[in-house]
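Survey of secondary and tertiary structure
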Amino acid sequence: MDVAFSASLVSPIVEAEANGPHAVIVDLARGLAERGHRTTVYAAAGSRVDGVELVEIPVSDGAHLARIRPGGVEGLGDRATVDLHEDFARMLDTIGRGGHDVLSQHAFDAPALRIAAALPVLHTLHLPPMVDAVVRAARATAAPLAAVSRASRADWWAAGVHPAWLLRNGVPDRGRGVGPPEPAALVAGRVSPEKGTEAAIRAGLAAGLRVWVAGDVYERDYFEARVRPLLDRAEYLGPVPRPELSALMARAAVLLMPVAWREPFGLVAAEAQMAGCPVVAHRLGALPEVVEDGVSGILVEPGDAAALASAIDAAISLPRAAVRASALRRLGVEPMIDAYERALTRVRDGVRGPVAG
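Residues numbered from 1 in each chain as written. Predicted model: local features only at pLDDT ≥ 70, side-chain atom pairs only at ≥ 80, totals over all residues. Heavy atoms only, no water.

**A few points about the overall build of the protein**
Within the protein, the secondary structure is distributed over 13 helices and 15 strands. In terms of overall dimensions, the protein is globule-like: its C-alpha atoms have a radius of gyration of 20 Å, near the 21 Å expected for 357 residues. Once the C-alpha set of the protein is aligned to its principal axes, its extents read approximately 55 × 40 × 40 Å. In the protein, buried positions account for 58% of the 357 residues. In the protein, the proportion of contacts linking residues at least 24 apart, taken out of those at least 6 apart, comes to 66%. Working note: accessible area of the protein is about 13,700 Å², and carbon and sulfur atoms make up 53% of it. Placing the 37 positive and 42 negative side-chain charges of the protein at their respective mean positions leaves the two points 3 Å apart. (Helix = DSSP H or I, 4+ residues; strand = E, 2+ residues; numbered from the N terminus. Rg over C-alpha atoms; globule rule 2.2 N^0.38 Å. Buried < 20%, exposed > 50% of the residue type's maximum accessible area, 1.4 Å probe, protein only. Contact = heavy atoms within 4.5 Å. Areas by Shrake-Rupley, 256 points an atom, 1.4 Å probe, with all protein chains shown as cover. Lys, Arg positive; Asp, Glu negative; His and termini not counted. Charge placed at Lys NZ, Arg CZ, Asp CG, Glu CD.)

**Brief notes about the layout of surface pockets**
In this approach the atoms are scanned with a rolling probe the size of a water molecule, which exposes any empty space left behind. If you add up the space inside the second largest pocket, you get close to 240 Å³. Around the second largest pocket, the lining comprises 15 residues; the ones closest to its centre are R168, N169, F265, R330 and P335. When residues of the lining of the second largest pocket are traced back to their parent elements, those giving at least two are α10 (287-290) and α13 (333-348). Looking at the lining of the second largest pocket residue by residue, the classes come out as eight nonpolar, two polar and five charged. (1 Å grid on protein atoms, 1.4 Å probe; cavity = no way out; pocket = protein on both sides within 12 Å on 5 of 7 lines; lining within 4 Å. Points joined across faces, edges and corners; volume = space filled by probe spheres on them. Nonpolar A, V, L, I, M, F, W, Y, C, P; charged D, E, K, R; others polar.)

**Focus on helix α5 (residues 150-158)**
Within the sequence span of α5, burial applies to A151, S152, R153, D155 and W156. Lining the buried residues of α5 we find β7 (121-125), α4 (132-140), β8 (145-147), β9 (165-166) and α10. Where α5 ends, the next residue or the one after it, G160, has phi of about 85°, a positive value.

**Notes on the environment of G31**
Assignment of secondary structure puts G31 in helix α1 (residues 20-34). The exposure class of G31 is buried, given its relative accessible area of 6%.

**A short note on the sheet that holds strand β15 (residues 297-300)**
What the six strands build is an open sheet, ordered β12-β11-β10-β13-β14-β15; its pairing is parallel. Every interior strand has two partners, whereas the edge strands, β12 (235-238) and β15, have only one. Strand-to-strand twist of the sheet, defined as the mean angle between neighbouring strand axes without regard to direction, takes the value 20°. With three bridges connecting them, strand β13 (residues 254-257) and strand β14 (residues 279-282) associate as parallel partners. Note on β14: the bridge partner recorded for M257 is A281. Set on the sheet, helix α11 (residues 305-316) makes contact with β13, β14 and β15; between it and β15 the angle comes to about 170°. (Pairing = 2+ DSSP bridges. Axes fitted to C-alpha atoms, helices over the stretch in contact; angles between N-to-C directions.)

**Section: the packing of aromatic side chains**
In this structure the tally under the stated criterion is two aromatic pairs. Ring centres 6.1 Å apart and planes at 65° place the aromatic pair F108 and W156 in the edge-to-face group. Within this pair, whereas F108 is found in the loop between β6 (102-105) and α3 (110-114), its partner W156 is found in helix α5, the two being separated by 48 residues in sequence. For the residue pair F108 and W156, the accessibility class agrees, reading buried in each case. Its end group placed over the ring of Y218, R190 keeps NZ or CZ at 5.1 Å from the ring centre. (Phe/Tyr/Trp six-rings, centres within 6.5 Å; stacked < 30°, edge-to-face > 60°. Lys NZ or Arg CZ within 6 Å of the ring centre and 35° of its normal.)

What follows is the structure in structure tokens.
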């Protein structure tokens, strides 16, 4: 099978970033290629990933201004909307000339869902139904859609969009040890309000731990006003390549995820558990599916600061070998590749996929 993958054109795919959809695309492209399929990733110019066949798409200046935030798209005016639509049209025209059998489309952008591709396509919805234009485009498309968790699928159904496939994310096993951790809390992922970066730093400091913050600054005003003032007591590492992030997770006593939104999956939580690092997170969205409460981490209700503090101590006491074993049993990358291989084969063959899971 010859599979094309399309990523959002808002930012390039690079190793040193905490972007869940990009990580999934790279893992799928590598995994399917190892199984003998031809895979090609189409992404914004400037993308750099080892071991993946990339086709870079020139992108207008306006497209880079589009930042998806809960409730809308930040910085996307009329001119940028037109630019982004033209960029996706250019990408899909390039894909159509590539001789592929099927397209695995991962961009969470209305133009990517609206524009008809020249080949069979499966759209994966990596985010909740939080942008009206994307929801409208998802309702209108005749192409099959996939959700990445049961919680996210339920959110999309409530919004009037019915994904035919449930294709859960998975993460590679990087073979990290489960030795004694350092007395440090890790905060990883994009730095933004919905990810709870400020709350995570404060919780880690209150627990008497060193705090490492790894991730790209997604919302600059939030970083300057809410996060930077805490960095005299916490260490900001910036974007960290995934292998190095896994090594940090293996060293950290706990990963903190007091998110303030309905997390559609929680790739960082999955990666931490795979490295033997327990997770403390708010019980929101798909995190109850990703964190095995009381085994690989502790889930608490949002807004309960006392519960969050006690959960950190409880999580650190969990056996790290059991944390890693839980991740190996539930969150590996191979089941994800299996599921996409089946789904893309059926889409290529024109068979409507069943609702899985």
